[in-house]
Amino acid sequence: MDALFTNAFLVAFVSGTIAASLPLLLAGLGEQMSEKAGVLNLGLEGMMLVGAFCGFAVALETGSFLLGFLAGAAGGMAVAAMMAALCVALPLNQIVVGIALTLGMQGATSLAHHVLYSRTFPRLPRQPEVALPLLSQIPVLGPSLFTQNPVVYLALLLVPAAAWLYRATNIGLNLAAAGSKPAALDLAGVSVTATRAFAVLATGALGGLGGAYMANIGAGLFVPFMTGGAGFMAIVIAMLARGRPAWVLGGALLVGFATSITTALQVAGFNIPTDLVLMLPFGTIMLVLTLFGRRAGLPAALGLPYHRGAR
Amino acid sequence: MSAAATPAAAALPAWLRALVPLVLALGIGALILAALGRDPVQFFANVLNRAVFNRSGLQETLVLMAPLLLIAASLIVCFRAGLWNLGIDGQFLLAATFASAFAAAWVAALPYWVAMALLFLLAAAVGAGWAMLPAFLKARYGVNEIVSTLMMNFLGFGLSAFLIKTLFGDPEHPAPQTTMLEVAERLPRIGETLVHVGVVFALLVILAVHVVMTRTGFGLRLRIVGHNPRAAEHAGLNVRRLTFAVFAISAALAGLAGAVEVLGVRGVVRADWHPGYGLLVVPLVFLARFHGVAAIAFVFVFAVLSIGGESAARRADLPNDFLLIMMALILVILAVTDHVASRARG
Amino acid sequence: MPEGTGAATTGADRGLDVPLVRLSGITKRFPGVLANDEVSFDIRPGEVHALLGENGAGKSTLIAILSGVLQPDSGRIEVNGRPVRIASPRDAIRLGIGTVYQHSTLVPTLSVVQNLMLGQRWWRPLGRAAALARLAELSALLGVRVDPDATAGSLSLGQQQQVEIVKALWRGERVLVLDEPTSMLTPQGVEELGQVMARLAARGFGIVFVSHKLQEVLAFGHRVTVLKLGRKAGEIPPARLSALSPAEATAEILDLMFGRGAADPEAPRRRASTIRADDAPLLEVEHLSAGEGAVQDVSFTLRPGEILGIAGVDGNGQKQLAEALAGQLRAEAGRIRFAGRDITRLPVARRHALGLRYLTDDRLGEGTVGGFAIGTNLVMKRVGEPPFWAGGFERPARIAAHARELIGRYDVRTPGPEVPIATLSGGNIQKALFGRELSGEPRLLLANKPTYGLDVANIRAARDRISAAAAAGVACILISTELDELLELSDRIAVMYRGRIAGIVGNGPDAERAIGRLMVGGA
Ligand SMILES: Nc1ncnc2c1ncn2[C@@H]1O[C@H](COP(=O)(O)OP(=O)(O)OP(=O)(O)O)[C@@H](O)[C@H]1O
Ligand SMILES: [Mg+2]
């Protein structure tokens, strides 16, 4: 029982929450942008996996974490480029292509892992962390919240940055129009294709970054299927957040909290059914929806390809 | 995607249109295999030899089709009605868990066919029940069902695992799983084969679903709701009631898929079992343009690939997941050729 | 018919030689339809060029080509005498062409000013302050008043139309194209728009003005072009137009549209009453309230064969009243009796089965399922009923035969009943819907803006249809913002103001003035 209240436990718990939330936050912010622009990006899980693989492989090869993360983002973008080519440039069905990409990337990363690492199972060393001056001196919170990998700070900064992008820039307007009434954007002289492709690529970069975080920071290694549905969870979070980046943060933290409290309680010797605790965040969300049910205001043209002049 | 559009299977060169992308996808797959230093011809020969040209292999392929066909039927109902029930995996797993939990006891206590009928009913009811919350949220508040059903999946997986570890667990068994239904008590086989009656049942169900959706007043009502809910309201349809009906039917079919899989083949559900069929069948159903007969063809191809591919991959010393790449290639290339063909038609 | 007369009269009238935009020999084909056939069309500075034609004549198609939305199959476009290709809407904007499309192009979730700012290069700062200033300037020029921060979707249709015009001017520096801009406006709004066009023309704008209303065309247009079945039926240049008296001009335009000797379908007339006074009232509405204040305490009765007009400025609860009567909107208080039976709680389908037919004004949004065949749309309110379904199963031959009959009877121009209804022009969709609502055994027709967007011939046909229905004993409620229409058809006219019936006037010599007073809230 006492174990619950030791500082070490709390530090582990808070860092655990952050570690579990962060990939969801990154991928969720990305997915939110696609959805805003009208693309339901079910390839997210695949983008995260490729990000994880590329991030891991490059970090392992070069020993540079920065290059690893860049490679993760690039890998995610490469998958996103396929999504953009097929569902934005061509009007193919987004659900079919999204799922196909996820399946294909599951297979591709698993195959690549089989070829490259299935005999050696290499691991990365622990990542350097950056302690924020002063803040990291606070007991408990300092070491858990303010001593993190730089990617964590970057991800958190992305939340206000995305909010600003949506509220106060032409890009934000274009994205909103592309998702809500693409014809209006087209008639205003802005390419719907370019706008949506931009959003999808950004999703790929963020999803890839999230995947790279899972591999390089979270696990320190790559295993096939290691994202374990995080991409789909991020999609749910993004849909519930209805265009607000801060809500993505909230959703990601909620899921991360439930994930890490399960582990933490088990470590502390409590024998509680993990399955039920993992259900907590979704149960909470369903309860909230039932009690305060409101329309999850999704963009009107979400999932619909756009053709100029079609009736 | 108009429901009235010519279905992929009805037009004359349809089989050709389906074959070309298949060949293309296999060609790209062959290149990948060659790049990996494997013999592509040998690989595909292995796939076909195992899954089609081999008596027991073909039977396994057909057996695998049973749950997939029922899931396809489930998706056809909801997609045609414009409702994106992506919660099939949760509905499937929970229904399978319940059917499996009671199977051994009921079969022992009741006449065989009564027990089986009750188990199927139970599975359908559990599946449908699991969809009622998203249905309510959709009908009452317009909450987007993609979000709610995906969440119900996560909840369903958790609940199923929890039940298997507690109430439904077989205490005799070290690993958490339900009580095993003995092979002799599973769904009866047809003749001397491995193919159980569930396969025939699934085929009949998907054909019936197809006829209902395309030829009856009920089907048209669902399609109107699917294409334009406001027009449905204006035409005097009870959109809320239809929404509930669609969720119930679709999820009940997903539940039946779970029952067929467990009572026909597996006999047991382990706590960590996640077949994830739903996600695989969704794109097949889209490519079939929600057409029942075309869906049967796509499901067959998929089943061949997974049964034959498994052994071919093992022989080529590749991970089984290699097949996912083939799957993805086929899906994407089918989608592209479908688009090109519809453009050509004008 | 004369062809391509544009060149023959170039500039002579106004001393301007080069048109701002010249379309020549434009042809555009859709599957089964020749939407534009060798059409030539000039837009000159300082001139309002009115474009007329029946529903489906190809007006919107021509405008889509001019705005870069569609590419012509053949033909030339010149701007200031230079040949150009308008490959996209951006090209059109760059050439100074701003367009108000027939269907709304506002993003409903964005605010007014955001809608206007849409289309700037993405790397530029948003420039909200400058945009607000420009909006103020244009609002002053146009005499409109809108809240820049209101969400576009929350504005009334009339206000949305004003924003569309501001938006077109925002983007089009020299040419303003207006595709049926007046169909959503009140008479006063139309008047104001006319003044705006005159002001802009005086500043050197070239204006294209599409309308189905001849008075508007004569009042605002300098030059008139008539399209018929995709071909240019003729053009009346300014010199000639100003030389003609209104009556002569009307006759000439009608000749072009419908061939020689067509009667003026807009000539005022009045229907003889067909009320069956000794019959019991068919519809009795008592203290009806619905739509959270949109309809308040409305009472009236209606007899078989009677036409009750409902007048009022758009947005005063007419639509909600119609929906409450049809059963689409729940009655919050009051009672509705139909043929002696309380139907207040009956759902839409049951009311339909009793003979209550609602002809909606939202033809694409709720009246039809755009992707479905015309035939299916025509039986959409009778799904499952015989003779189209037997034992739950569809009988395609019956449905197609029914569709062919209605297509013939209601003169729907279409390649056939299997065509998706969304590909029809607005006027033809409305004809199909008339057919749907009047087939079977109607007892009450609830017609909401039945002639909006229709060409003159179709307006005539639609009004005659309503008259004929009344003569056959069908009670009609006619919701309209067209006073002429109400005066022509109605026995009595109720005026709605802020959700209430401000008064009911018998149709007679003084009705017009009484209605006018009631419409603006006077007693
Ligand atoms: N995208 C399209 N696909 C198929 N047919 C079309 C399409 N757009 C227009 N048409 C057809 O082209 C013809 C001309 O249509 P258009 O919309 O230009 O008519 P309009 O003169 O604007 O009529 P209205 O007065 O009803 O608006 C019609 O027969 C219409 O059905
Ligand atoms: Mg038009």
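Please read these numbers as outputs of a predicted model, since none were measured by experiment. (Residues numbered from 1 in each chain as written. Chains lettered and ligands numbered in written order. Predicted model: local features only at pLDDT ≥ 70, side-chain atom pairs only at ≥ 80, totals over all residues. Heavy atoms only, no water.)

Caption draft 1: Molecular detail of the sheet that holds strand β16 (residues 356-359) of chain C. All names here are of chain C. Taking strand neighbours across the sheet as the criterion, the six strands line up as β16-β19-β20-β13-β21-β22 in an open arrangement whose pairing is mixed. Strand pairing shows two members of the sheet lacking a second neighbour, β16 and β22 (500-506), which therefore form its edges. The sheet shows a mean angle of 15° between the axes of neighbouring strands, taken without regard to direction. Of the strands in this sheet, β13 (307-311), β16, β19 (444-448), β20 (475-479) and β21 (492-497) are in contact with helix α10 (residues 318-326), which crosses β16 at around 150°. Against the sheet, helix α16 (residues 456-471) makes contact with β13, β19 and β20, and its axis sits at roughly 150° relative to β20, the strand it touches most. (Pairing = 2+ DSSP bridges. Helix = DSSP H or I, 4+ residues; strand = E, 2+ residues; numbered from the N terminus. Axes fitted to C-alpha atoms, helices over the stretch in contact; angles between N-to-C directions. Contact = heavy atoms within 4.5 Å.)

Caption draft 2: The interface of chain C and chain B, seen in detail. Between chain C and chain B, the contact holds 25 residues from the first and 18 residues from the second. Across the chain C to chain B interface the summed buried area is about 1,800 Å²; carbon plus sulfur atoms make up 63%. When the area that chain C buries against chain B is broken down by residue, the three leading residues are E366, F372 and V383 of chain C, summing to 29%. Taken together, the connections running from chain C to chain B amount to two salt bridges. For the side of chain C that touches chain B, the elements supplying multiple residues, two or more each, are α11 (348-354), α12 (363-367), β18 (393-394) and α15 (426-438) of chain C. The element contributing the most residues to the side of chain C that touches chain B is α12 of chain C, with four residues. Residues belonging to the side of chain C that touches chain B are distributed by class as follows: ten nonpolar, nine polar and six charged. (Buried area = accessible area lost by both parts, 1.4 Å probe. Salt bridge = Lys/Arg side-chain N within 4 Å of Asp/Glu carboxyl O. Nonpolar A, V, L, I, M, F, W, Y, C, P; charged D, E, K, R; others polar.)

Caption draft 3: Expanded view of the domain arrangement of chain C. Residues and elements named next belong to chain C. The domain boundaries assigned to chain C delineate domain 1 (21-107 + 173-258), domain 2 (266-355 + 441-523) and domain 3 (370-440). A separation of 34 Å is found between the C-alpha centroids of domain 1 and domain 2. Residue-level contacts link 14 residues of domain 1 with twelve residues of domain 2. Summing the contributions of domain 1 and of domain 2, the shared interface buries around 1,100 Å²; its carbon and sulfur component is 54%. (Domains from an automatic or database assignment.)

Caption draft 4: Representation of the confidence of the model for chain A in the model. Looking at chain A, the pLDDT average stands at 86 and 90% of residues meet or exceed 70. At the level of individual helices and strands, chain A shows its lowest average pLDDT in helix α5 (residues 141-145) of chain A, which scores 65, and its highest in helix α2 (residues 44-62) of chain A, which scores 96. (pLDDT = per-residue confidence, 0-100.)

Caption draft 5: Here's a closer look at the interface of chain A and chain B. Listed per partner, the contact involves 41 residues of chain A and 41 residues of chain B. When the two sides are added together, the surface that chain A and chain B hide from each other amounts to roughly 3,900 Å², 84% of it contributed by carbon and sulfur. Counting the surface chain A buries against chain B, the share from its top three residues, L103, L111 and M286 of chain A, is 16%. Seen at the junction of chain A and chain B, the total is one salt bridge. With a shortest N-O distance of 2.8 Å, D275 of chain A and K165 of chain B are connected by a salt bridge. Here chain A is connected to chain B by three residue pairs in polar contact (both at pLDDT 80 or more). At the level of elements, α4 (94-117), α10 (230-241) and α12 (274-291) of chain A are the ones that each hand at least two residues to the side of chain A that touches chain B. The biggest single contributor to the side of chain A that touches chain B is α4 of chain A, with 13 residues. Residue classes in the side of chain A that touches chain B are distributed as 28 nonpolar, ten polar and three charged. (Polar contact = N/O pair within 3.5 Å; in protein donor to acceptor, adjacent residues only side chain to side chain.)

Caption draft 6: Expanded view of the coordination of the magnesium ion (ligand 2). Residue and element names in this part refer to chain C. Within the protein, the atoms that donate to the magnesium ion (ligand 2) are S60 (OG) and Q102 (OE1), at distances of 2.0 to 2.1 Å. One end of the pair, S60, is in helix α1 (residues 59-66); the other, Q102, is in the loop between β6 (97-100) and α3 (112-117), and 42 residues separate them in sequence. Its relative accessible area of 32% is what places Q102 among the partly exposed residues. (Donors = N, O, S within 2.8 Å, 3.2 Å for Na, K, Ca; no water. Buried < 20%, exposed > 50% of the residue type's maximum accessible area, 1.4 Å probe, protein only.)

Caption draft 7: A look at the confidence of the model for chain C. Residues and elements named next belong to chain C. Mean pLDDT over chain C: 87, with 94% of residues reaching 70 or higher. pLDDT under 50 marks residues 1-15. Its contacts with residues more than four places away, or in other chains, come to 29 contacts. The complex prediction reports pTM at 0.84, with the ipTM value standing at 0.85.

Caption draft 8: Spatial organisation of the sheet that holds strand β14 (residues 331-338) of chain C. Residues and elements named next belong to chain C. Strand order in the open sheet formed by four strands is β12-β11-β14-β15, and the pairing between neighbours is antiparallel. On the outer flanks of this sheet lie β12 (295-302) and β15 (341-342), each paired with one strand and no other. One ladder, built from two bridges, connects β14 with β15; its direction is antiparallel. Residue pairing across strands places R337 opposite D342, the latter belonging to β15.

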